[in-house]
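The chain contents come next:
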Amino acid sequence: MRHSHIHGFGRPGGWQQADVPDASDASEWFAGRLPDDWFTGPPDIEIDREEIFVVGPLGVPDGTSDTEIDGRIARFRETTRADRMRIADEAEARYGRKVAWGVKVGDRTDLFTHLAVPVMTRLRQPERKVLDTLVDAGVARSRSDALKWTVRLVGQHSEQWLRELREAMKKVDDLRSEGPQV
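Draft legend 1. Structural detail: the overall build of the chain. Broken down by element type, the chain carries five helices and five strands. Moving toward the C terminus, one meets the helices and strands of the chain in the order β-α-β-β-α-β-β-α-α-α. In the chain, buried positions account for 29% of the 182 residues. Long-range pairs, those at least 24 residues apart, make up 61% of the contacts in the chain with a sequence separation of at least 6. Of the accessible surface of the chain, which amounts to about 12600 Å², a share of 53% is contributed by carbon and sulfur atoms.

Structure follows, in structure tokens:
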């Protein structure tokens, strides 16, 4: 049986996921549902409240040019499209989330169509000044782009801390589920 790597974001037991079906078994479901010949190893499965990412490794011989890799990715995307759409429909019905696909070749990851979800936030003047400085400096085209840029930067530089925080939250949720039922 193929095992997938699963990464969940957000708080699984929190209030914000009360209306979203549990996706804790998605890794196993995709392992059983995906054709064995699509990827050279288990896919990474990432889940949040809106979307499930399925990113699998493609086998490419060492020394393959970037242009040939582009062609292999395009071939995979086209030849698997109908099956990916059918599997995505099943997963969306089961987990209440959209499914996005991608492939990984070495250090390169290509994501196919995926969601861009709007997020509403209220910022006070000091935070708005940060975003406006990024816009004025030409780092971002708008406050929205500046906010997206800062979130990516924080994510890159604090991935280990965020991973530890997610693990701690999962442990709390596990302990809560093992405790007395109220």
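Draft legend 2. Spatial organisation of the nonpolar core. Formed by 24 residues in total, the largest nonpolar core has its most connected members in Phe30, Leu34, Ile52, Val54, Val99 and Trp101. Residue assignment for this core shows that the elements contributing at least two residues are helix H1 (26-33), strand S2 (44-47), strand S3 (51-57), helix H2 (66-95) and strand S4 (98-105). Here this core gets seven residues from one element, more than from any other, and that element is H2.

Draft legend 3. How the structure looks around the pattern of salt bridges. Per the counting criterion, the structure on display carries 13 salt bridges. Between aspartate 70 and arginine 108 there is a salt bridge whose closest N-O contact spans 2.6 Å. Residue aspartate 70 is found in helix H2, and its partner arginine 108 is found in strand S5 (residues 108-111); the two are separated by 38 residues along the sequence. Residue arginine 108 is classed as partly exposed on the basis of its relative accessible area, which comes to 28%. With its nearest N and O atoms 2.3 Å apart, the salt bridge here joins arginine 86 to aspartate 83. In this pair, arginine 86 and aspartate 83 both sit in helix H2, three residues apart, roughly one turn of the helix. Each of Asp70, Arg108 and Asp110 takes part in one network of salt bridges that share partners.

Draft legend 4. The environment of glutamate 50, seen in detail. As for its placement among the helices and strands, glutamate 50 is situated in the loop between S2 and S3. Residues glutamate 50 and arginine 97 lie 47 residues apart in sequence; the distance between their C-alpha atoms is 5.2 Å.

Draft legend 5. Expanded view of the packing of helix H3 (residues 125-136) against helix H4 (residues 143-157). Where H3 contacts H4, the axes come no closer than 9 Å and their chain directions differ by 100°. What the angle tells us is that H3 and H4 run roughly perpendicular. Judged by residue contacts, Arg128, Leu131, Asp132, Leu134 and Val135 of H3 engage Arg143, Ala146, Leu147, Trp149 and Thr150 from H4. Partitioned by chemical class, the residues of the contact of H3 with H4 number six nonpolar, one polar and three charged.

Draft legend 6. Quick peek at the packing of aromatic side chains. Evaluation of the coordinates by the stated rule reveals seven aromatic pairs. Centre to centre, the rings of phenylalanine 30 and tryptophan 101 are 6.3 Å apart; their planes meet at 85°, and the pair counts as edge-to-face. Residue phenylalanine 30 is found in helix H1, and its partner tryptophan 101 is found in strand S4; the two are separated by 71 residues along the sequence. Each member of the pair, phenylalanine 30 as well as tryptophan 101, carries the same accessibility label: buried. A centroid spacing of 6.0 Å and a plane angle of 80° characterise the contact between tryptophan 38 and tryptophan 101, whose relative ring orientation is edge-to-face. Taken as a pair, tryptophan 38 in the loop between H1 and S2 and tryptophan 101 in strand S4 lie far apart in primary sequence, 63 residues in all. Each member of the pair, tryptophan 38 together with tryptophan 101, is buried. Ring-pair connections join several aromatic residues into one group, and the members of that group are Trp29, Phe30, Trp38, Phe39, Phe76, Tyr95 and Trp101.

Rules and cut-offs
- Here the residue numbering is sequential within each chain, running from 1 through the sequence in written order.
- For this predicted model, a pLDDT threshold of at least 70 governs which residues receive local features, and a threshold of 80 or more governs which side-chain atom pairs are given and counted, while totals over whole chains, interfaces and linings are taken from all residues.
- To obtain the side-chain values, all non-hydrogen atoms of the structure were included, while hydrogens and water were left out.
- Helix and strand definitions follow DSSP, with helices as H or I runs of at least four residues and strands as E runs of at least two, each counted in order from the N terminus.
- Throughout this description, buried means an accessible area under 20% of the type-specific maximum (1.4 Å probe, protein chains only), exposed means over 50%, and partly exposed covers the range between.
- Pairs of residues are marked as contacts when any of their non-hydrogen atoms sit within 4.5 Å.
- Computed with the Shrake-Rupley method and a 1.4 Å probe, the accessible areas treat only the protein chains shown as cover for residues.
- Think of a nonpolar core as a cluster: buried Ala, Val, Leu, Ile, Met, Phe, Trp, Tyr and Cys residues, connected wherever their side-chain atoms sit within 4.5 Å.
- Think of a salt bridge as a Lys or Arg side-chain nitrogen and an Asp or Glu carboxyl oxygen that are within 4 Å of each other.
- Only the stretch in contact is used when a helix axis is fitted, and all axes are lines through C-alpha atoms; the angle between N-to-C directions ranges over 0 to 180 degrees.
- The scheme is simple: roughly parallel for angles under 35 degrees, roughly antiparallel for over 145, roughly perpendicular for 65 to 115, oblique for anything else.
- Each residue is assigned to one class: nonpolar for Ala, Val, Leu, Ile, Met, Phe, Trp, Tyr, Cys and Pro, charged for Asp, Glu, Lys and Arg, and polar for all the others, Gly among them.
- Classification of ring pairs rests on two measures: the distance between centres of Phe, Tyr or Trp rings, Trp counted by its six-membered ring, which must be within 6.5 Å, and the angle between planes, read as stacked under 30 degrees, edge-to-face over 60 and tilted in between.

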